[in-house]
Structure formats: structure tokens, C-alpha cells
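Each chain is listed here by its residues.
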Amino acid sequence: MKRLLVLICLAGLCGRAEARSLSAEGGASRSDSLSMPTGKTDWVDPVHATPVNTHYVLYPTPQRGAGTEGSCMVYLPDEYAARTDRRYPVIYYLHGGTGNQREASWMIRKIDAAIRAGKMRPVIVVSPQALPIGWYINANVVDPKVTSGPVEDVIVRDLIPYVDSCFRTVAAREGRAVEGFSMGGRGALMLAFKHPDLFCAASSVAGALVDWDEEPLLRALECTFGDAENPLSREYFDAWHPKTFLCQNARRILRDGMRIRMFVGDRDRLYEENGRRITHRFHELLTALRIPHTLEVVPGAGHNPAEIFADGANDYDTSFWDGAFGTE
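Small disclaimer: the values here were computed from a predicted structure and weren't measured.

Caption draft 1: Expanded view of helix 1 (residues 105–116). Helix length check: helix 1, at 12 residues, gives a terminal C-alpha distance of 16 Å against a target of 16 Å (1.5 Å per residue), a fit within 8%. Along helix 1, the residues that are buried comprise Ser105, Trp106, Met107, Ile108, Ile111, Asp112, Ala114 and Ile115. Of the residues flanking the end of helix 1, it is Gly118, one or two places downstream, whose phi is positive at about 75°.

Caption draft 2: The arrangement of the pairing of strand 3 (residues 54–60) in detail. Taking burial as the measure, the 7 residues of strand 3 include 6 buried ones, the bulk of the element. By the bridge criterion, 7 bridges tie strand 3 to strand 4 (residues 69–75) in an arrangement that is antiparallel. Paired with Pro60 across the two strands is Glu69, which belongs to strand 4.

Caption draft 3: Examining the side chain of Gln129 more closely. One can find Gln129 in the loop between strand 6 (124–128) and helix 2 (151–166). On the accessibility criterion, Gln129 (1% relative accessible area) is buried. For Gln129, the side chain forms a polar contact with the main-chain nitrogen of Gln101, separated by 3.1 Å. Setting aside residues up to four positions removed in sequence, Gln129 forms contacts with Thr38, Asp42, Trp43, Val44, Asp45, Ser71, Cys72, His95, Gly99, Asn100 and Gln101.

Caption draft 4: Main features of the confidence of the model for the protein. Per-residue confidence for the protein gives a mean pLDDT of 90, with 89% of residues at or over 70. Note that pLDDT drops below 50 for residues 1–12; the model gives that stretch 30 contacts with residues more than four away or on any other chain. Confidence over residues 19–31 falls short of pLDDT 50; this stretch has 36 contacts with residues more than four positions distant or in other chains.

Caption draft 5: Structural detail: helix 2. Along its length, helix 2 shows its largest kink, about 30°, at Leu159, and proline Pro161 lies within four residues downstream of that point. Most of helix 2 sits inside the fold, with 13 of its 16 residues counted as buried.

The rules behind each value
Residues numbered from 1 in each chain as written. Predicted model: local features only at pLDDT ≥ 70, side-chain atom pairs only at ≥ 80, totals over all residues. Heavy atoms only, no water. Helix = DSSP H or I, 4+ residues; strand = E, 2+ residues; numbered from the N terminus. Expected span 1.5 Å × (residues − 1). Buried < 20%, exposed > 50% of the residue type's maximum accessible area, 1.4 Å probe, protein only. Pairing = 2+ DSSP bridges. Polar contact = N/O pair within 3.5 Å; in protein donor to acceptor, adjacent residues only side chain to side chain. Contact = heavy atoms within 4.5 Å. pLDDT = per-residue confidence, 0-100. Bend = angle between axes of the 7 residues up to and from the residue.

Okay, structure coming up:
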């Protein structure tokens, strides 16, 4: 089907944005494919395709330097343009390692369907391009092997203020949550636990909650943390582990009632590998700190959201977000 490039002009939308339509059935076209990767150091996704009601947006990234930009996808519910009196909570979706902002398409389609069916209150979803491998931290840039950058600062200091200034958001902790897959699942927990003043909920889908020696790809470590032969690289890794910030801020996380959930498939190495139950280990830490949370182990699912949330088998539970954001 011939694709249409549509420039959008929506109330409250600023910056540079465009959307590309998908097929009439809402399915992904070839240019929307996750098999079309971004470059190792690309902050801007070169593929502009988006799912239903979602727009490709460029935003300034002064944390990287003057004149720099990043890209993201922004989902707006059907009623957004007409309901100018209304503000919406925001869910930030963080993609996995070697991924890109388009990965959020599966989650956006499920949320859009739930909103249309009246099963979920309308929300905004933002999915940033956060480098194929950046671990959602500020990289150890003094090491010559590092190719990543200040991913955390860009999200926290650039992207979130931009979204709150350009869209009608609930611009407070009570209206902001984060979810991610794999590297993004780790990033979601890390950002929420480090910044409990910014997020009221965190959802980790097969989060890569590994320790240093459990990451199988050495280059995935060195591009962000530094030379594997340098012991300081491992120290840098440990300092940015979600468990570090969980322990530091456990009292506030508990006091503020942050909603936390985790998923893992029982065929995922993050569930069990050579006696290492990586996700359960994090679950046990949360339990020891008496922080309420849920962990769902999905039978038959591997390291893939499509298997974890297979239609009819384990539906994506949107009530989690309604519970986090509360009543209007």
C-alpha cells in the first residue's frame, strides 16, 4: 500500500514532528520493521514510521551539546486534539539493547486498543531513541572504548521537560511512569529507583538485571562502561545497577507507594541459567526490603514481549497503569 507522509499540527505540539501512516489494518510495513537498525551512535532514528495515533518527534538535547537533537515516538489518544481542557499521564517506554524507538509499537497498539475499548483511561506514551546500546545511564566517557553518551541526562533533563512543555501532560510524579524491555526493563527500574520524585510506577519486561559477569556480550559492556580489563569499568557498572539505587532510596520508594511489576518468561535465560535465577534474585531483594511488587513468570515464553503478552494467553494488563495514576 502506498504510504502517505502527513505533517501534523496538534494543539499543544511543539518542535519538529511528522507521522507516517501504516496499513489500514494497523500492521507494520517494511519501513517500520525492527530489522532496520539505527547506527551505534545514532540519537535520531532514521526510520520515521509509527503505529496508530503516534508521531515521530525531534526534540533538542542540550545535555549533549548545543544544536543537537534526539528523536522519539509520541502516542496521543484519539481525544487529545479535541479535549483541550484535559491533561494526560505519560508512560515512557524504553527499548531493548540493539533496538530503537520503534520497538514500542507492540505496547502502543495494546494500550490504544484498551483505551478505545474503554478498558483504560487515556494516556500519552513516549518512546525515545536511546542509542542501540546505552544502558540508560550516563556513560563512562573518559574510557576510549566507550561510544555511548549521557542517556540518563538526556531523558531526565531534556526529554521529560520537553514533553511536559509541549504536550498537555500531568507534569508531576503522580502522572509519570516508565516501562521497558530487556535493557530497557533494567533502565526503567534504574531510572524509577534513582528518581522516585519523577516516577510513580515502573514496569520491567524481561529486564536485563544481570551482574557484570552475566552479560554475554563483552562489547555491550565496553561501549558504555569501559575497557573490560580495567577494574574501574566494573565498579562503574555496579554503581549504576538498579539494585544500587533501590537500596539507596528504598525508604522513599516504600513511603510513596511506587507501583512495581516485573515479567520474565520461563524459557528466558534471565529466569534461570546454570543455577542463576537473575530475575528472582532481584525479586528477593525487593521482598527483603519489604517493597510491594509483582513478578509474573510466563510459561513457555522466551526473551520476547510477543511471547510474554501473547493474545489470549497472557494479556497485557493495562489496569496496572490505571492503578498507578489513580483517579482523574
